[in-house]
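Survey of secondary and tertiary structure
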Amino acid sequence: MCAMRLLSASLLSVAALALAIPAAQARPKAAAPANVTVDYGIALAGIPIGTAQVTGAFESTRYRMDVSARLTGLVGAVTGGMGSARASGLIATGPQPSAFAISTKTSNSGIAVRMALARGTVTQAEITPPLVDMGDRVPITAENKRGVIDPASALMMPAVARGELIDPANCNRTLPVFDGATRFDVVLSYGETRAVEKPGYAGPVLVCNARYQAIAGHRPDRPGVKFMEDNREMSVWLAPVEGTRVLLPIRISVRTTIGTNIIEATRWARSGGTTTAEAAPAGTFASLGDQR
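The following paragraphs examine the structure supplied in this document. (Residues numbered from 1 in each chain as written. Predicted model: local features only at pLDDT ≥ 70, side-chain atom pairs only at ≥ 80, totals over all residues. Heavy atoms only, no water.)

Moving on: the environment of Asp66. Turning to its location among the elements, Asp66 is positioned in strand β3 (residues 62-71). With a relative accessible area of 18%, Asp66 lands in the buried category. For the pair formed by Asp66 and Arg86, sequence separation is 20 residues and the distance between their alpha carbons is 4.6 Å. Residues in contact with Asp66, not counting those within four places in the same chain, are Gln53, Val54, Thr55, Ala85 and Arg86. Among the polar contacts listed, one links the side chain of Asp66 to the side chain of Arg86, at a separation of 2.5 Å. (Helix = DSSP H or I, 4+ residues; strand = E, 2+ residues; numbered from the N terminus. Buried < 20%, exposed > 50% of the residue type's maximum accessible area, 1.4 Å probe, protein only. Contact = heavy atoms within 4.5 Å. Polar contact = N/O pair within 3.5 Å; in protein donor to acceptor, adjacent residues only side chain to side chain.)

Right, let's talk about helix α3 (residues 223-230) for a bit. Of the residues making up α3, those classed as buried are Gly224, Val225 and Met228. Projected onto a plane normal to the axis of α3, the buried residues spread over an arc of 100° and lie on a single side. Set apart from the buried face of α3 by more than 90 degrees, the exposed residues are Pro223 and Lys226. Buried residues along α3 sit in contact with β11 (201-216), β12 (234-240) and β13 (246-256). (Arc of directions from axis to C-beta.)

Looking now at the packing of aromatic side chains. Any pair of aromatic rings gets described here by the distance separating the centres and the angle formed by the planes. Applying the stated criterion to the full structure yields two aromatic pairs. Both rings, one in Tyr201 and one in Trp268, keep their centres 5.4 Å apart while their planes meet at 50°; by these two values the pair is tilted. One end of the pair, Tyr201, is in strand β11; the other, Trp268, is in strand β14 (residues 259-272), and 67 residues separate them in sequence. Pair check on accessibility: Tyr201 and Trp268 agree, each one buried. Lying over the aromatic face of Trp237, Arg251 brings its terminal NZ or CZ to 4.8 Å of the ring centre. (Phe/Tyr/Trp six-rings, centres within 6.5 Å; stacked < 30°, edge-to-face > 60°. Lys NZ or Arg CZ within 6 Å of the ring centre and 35° of its normal.)

Formed by 68 residues in total, the largest nonpolar core has its most connected members in Phe58, Met65, Phe100, Ile250 and Trp268. Top contributing element to this core by residue count: β11, with eight residues. (Core = buried A, V, L, I, M, F, W, Y, C linked by side-chain atoms within 4.5 Å.)

Quick look at the state of the cysteines now. Applying the stated criterion across every chain, the model contains one disulfide. Through a disulfide, Cys171 is tied to Cys208; the S-S separation comes to 2.0 Å. Judged by the sign of its S-S torsion, about -75°, the bond between Cys171 and Cys208 is left-handed. Highlighted residues: Cys171 in the loop between β8 (157-158) and β9 (173-178) and Cys208 in strand β11, separated in sequence by 37 residues. The burial state of Cys171 is the same as that of Cys208; both residues are buried. (Disulfide = S-S within 2.5 Å.)

Note the cis peptide between Thr128 and Pro129, where omega equals -10°. The phi angle at Ser60 is positive, at roughly 55°, despite the residue not being glycine. A positive phi is found at Arg119, a non-glycine position, where the angle reads about 50°. Within the secondary structure, Arg119 is located in the loop between β6 (110-118) and β7 (121-128). Its relative accessible area of 67% is what places Arg119 among the exposed residues.

According to the stated counting rule, one finds eleven salt bridges in the structure shown. The salt bridge involving Lys226 is made with Asp230; its shortest N-O contact spans 3.4 Å. Of this pair, Lys226 and Asp230 are both found in helix α3, four residues apart, which corresponds to roughly one turn of the helix. What you see here is one network of salt bridges that share partners, running through Arg64, Asp66 and Arg86. (Salt bridge = Lys/Arg side-chain N within 4 Å of Asp/Glu carboxyl O.)

What follows covers the environment of Ile262. By the element assignment, Ile262 lies in strand β14. Judged by relative accessible area, which is 22%, Ile262 ranks as partly exposed. Excluding its chain neighbours within four sequence positions, the residues that come into contact with Ile262 are Gly41, Ile42, Ala43, Arg251, Ile252 and Ser253.

Here is the structure:
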């Protein structure tokens, strides 16, 4: 499995987006951009196998998310796995991505996805090389491409509650994800609140439980699909980004068929000014790799 698919299988699978802002609230003057970069270590069954980085840029009602991942050590030497993704768009009551692109490669294969979106509706999607039609995929309809969020945007998690960012309500949401080939929901629910300390961040985090629900584009007879739908050992820890109304994952844990995959922050770096602009109301990671 390539690096980005491994990242997708956990970190993107539990990503969420939604920002609850009163419709009549005035827009403050634009503030200086707020940027945050989070470095992650990736471990499978307790063995370090890779690294990842997420960079978010937030300015007024606009955002950009950059994601990269690379397998290291023996796994990296054997597979050559690496990948990167970028998404950009507007922040409203939910994300409104306008563009998404992802590229992954291993020593013997690669895949690229490009999507254009408008107000949560996919207007164009291209996968290179095209997926092989095995005749057993659940068809993707036009309806499946409405009201969705791309994988990279799904890593940014604007608050759904109007109060504190660590309000438990910020865990309770359903994420409609479309990655260009598959459509699935990730249902999040509040688990607990913990205090953590990492280089660059110390404070409370929300621990959200996650469930996976396949919608379309998947192959229902694949063992991985059934495993993920029955999987109750998935969680994401969300940390607030100072000066914004968004949270980012500081830890992701997903049980797989070969052990628990953990992606955990090793460094949290915040820079730039305060971003408090609220958007007027408007309209969630990535393939699940082996579930395809």
